[in-house]
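Architecture and fold: a report
The lines below spell out each chain.
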Amino acid sequence: ARTEASRVVAMEQNPVAVDCARKSLRMLRKRKKNNPIPEDRILEFLEGDVLQLLPQQPPFFDRIVAPRPKEIMDKREGDLGDGTAGIEFLRALLPVLKPDGGECHWYDFVADHEFPDCVRTRTLIERTCRELNLSNPQFIHTAKVGSVAKRQYRVCVDFRLC
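Let me begin by describing the structure that accompanies this report. (Residues numbered from 1 in each chain as written. Predicted model: local features only at pLDDT ≥ 70, side-chain atom pairs only at ≥ 80, totals over all residues. Heavy atoms only, no water.)

**Focus: the pattern of salt bridges**
Counted according to the given criterion, the structure contains nine salt bridges. In this structure, the salt-bridge partner of Asp-19 is Lys-23, at a minimum N-O distance of 3.2 Å. With Asp-19 and Lys-23 both in helix H1 (residues 15-31) and four residues apart, the pair spans about one turn of that helix. A salt bridge links Asp-112 to Arg-151; the nearest nitrogen and oxygen atoms lie 3.5 Å apart. With a gap of 39 residues between them, Asp-112 in the loop between strand S4 (103-111) and helix H4 (119-131) and Arg-151 in the loop between strand S5 (137-149) and strand S6 (152-161) connect regions that are remote in the sequence. By sharing partners, the salt bridges in this structure join Arg-63, Glu-103 and Arg-160 into a single network. (Salt bridge = Lys/Arg side-chain N within 4 Å of Asp/Glu carboxyl O. Helix = DSSP H or I, 4+ residues; strand = E, 2+ residues; numbered from the N terminus.)

Here it is as structure tokens:
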């Protein structure tokens, strides 16, 4: 079932991206007079490092959309690294995710042979949940959402804290 959000917070470090998002929202509001876009008190854009912004947010979020930062472990074209760039990110976002039923859409990078199981990604999420004394995540869905290089993909692994 679809529900109305009481609050939507977008956090982005890139000031150009934040400016584009705000401009897009203004344009949408002008064009969608019969289908209102949420008010500023519901939808807010925060500019800065998510690792510093998240602890300042009131808990808890029902849903978090989180793209893992891409790491550069090697100068070779298309290297995905070992996937550990997301640990700090997970450590920051999991404590503000609703502990009983909060859902996360975790975007990660995988090689073609890792899909659809995405064991490395799932293990990272499970290990981080254990480290933070959270319940084991329930994995809901995994989908390929884009290509980043030949035989390397961006995936979305959806999971819920129970």
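So much for the structure itself; the text now carries on.
**Here we look at helix H3 (residues 86-93)**
Burial within H3 is extensive, with six of its eight residues counted as buried. On its buried face, H3 is in contact with helix H2 (50-53), strand S3 (63-67), S4 and H4. (Buried < 20%, exposed > 50% of the residue type's maximum accessible area, 1.4 Å probe, protein only. Contact = heavy atoms within 4.5 Å.)

**Some details on the nonpolar core**
Formed by 29 residues in total, the largest nonpolar core has its most connected members in Leu-93, Trp-106, Ile-125 and Phe-159. Contributing elements (two or more residues each) for this core: H2, S3, H3, S4, H4 and S6. Residue contacts for Leu-93: discarding those within four places in its chain leaves Leu-54, Ile-64, Ala-66, Cys-104 and Trp-106. (Core = buried A, V, L, I, M, F, W, Y, C linked by side-chain atoms within 4.5 Å.)

**A word on unusual backbone geometry**
For the peptide bond that leads from Pro-59 to Phe-60, omega is 0°, which places it in the cis range. Mapped onto the elements, Phe-60 comes out in the loop between H2 and S3. Residues Phe-115 and Pro-116 are joined by a peptide bond in cis, for which omega reads 10°. Within the element layout of this structure, Pro-116 appears in the loop between S4 and H4. Positioned with a positive phi, Asn-133 is a non-glycine residue whose angle comes to about 55°. With respect to the helices and strands, Asn-133 occurs in the loop between H4 and S5. On the basis of relative accessible area, Asn-133 is assigned to the exposed category, the value being 73%. You will see that Arg-151, though not glycine, has its phi angle at about 60°, which is positive. Classification of Arg-151 by relative accessible area gives exposed; the value is 52%.

**Concerning the sheet that holds S6**
Think of a sheet as strands paired side by side through backbone hydrogen bonds, with each pair either parallel or antiparallel. As summarised here, the arrangement of the four strands in space is S3-S4-S6-S5, forming an open sheet in which the pairing is mixed. Unpaired on one side and paired on the other, S3 and S5 mark the two borders of the sheet. Shown here is a sheet whose adjacent strand axes are inclined to one another by a mean of 20°, direction ignored. Judged from the nine bridges that link them, S4 and S6 form a sheet pairing that is antiparallel. From the neighbouring strand, Glu-103 faces S6, where its bridge partner is Arg-160. On top of the sheet, H3 reaches S3 and S4; it is set at about 175° to S4, its chief contact. (Pairing = 2+ DSSP bridges. Axes fitted to C-alpha atoms, helices over the stretch in contact; angles between N-to-C directions.)

**Some points on the environment of His-141**
Its place among the elements puts His-141 in strand S5. In this structure His-141 comes out as partly exposed when scored by relative accessible area, which is 44%. For the pair His-141 and Cys-156, spaced 15 residues apart in sequence, the C-alpha to C-alpha distance is 7.9 Å. Aside from chain neighbours lying at most four places away, what touches His-141 is Cys-156, Val-157 and Asp-158.

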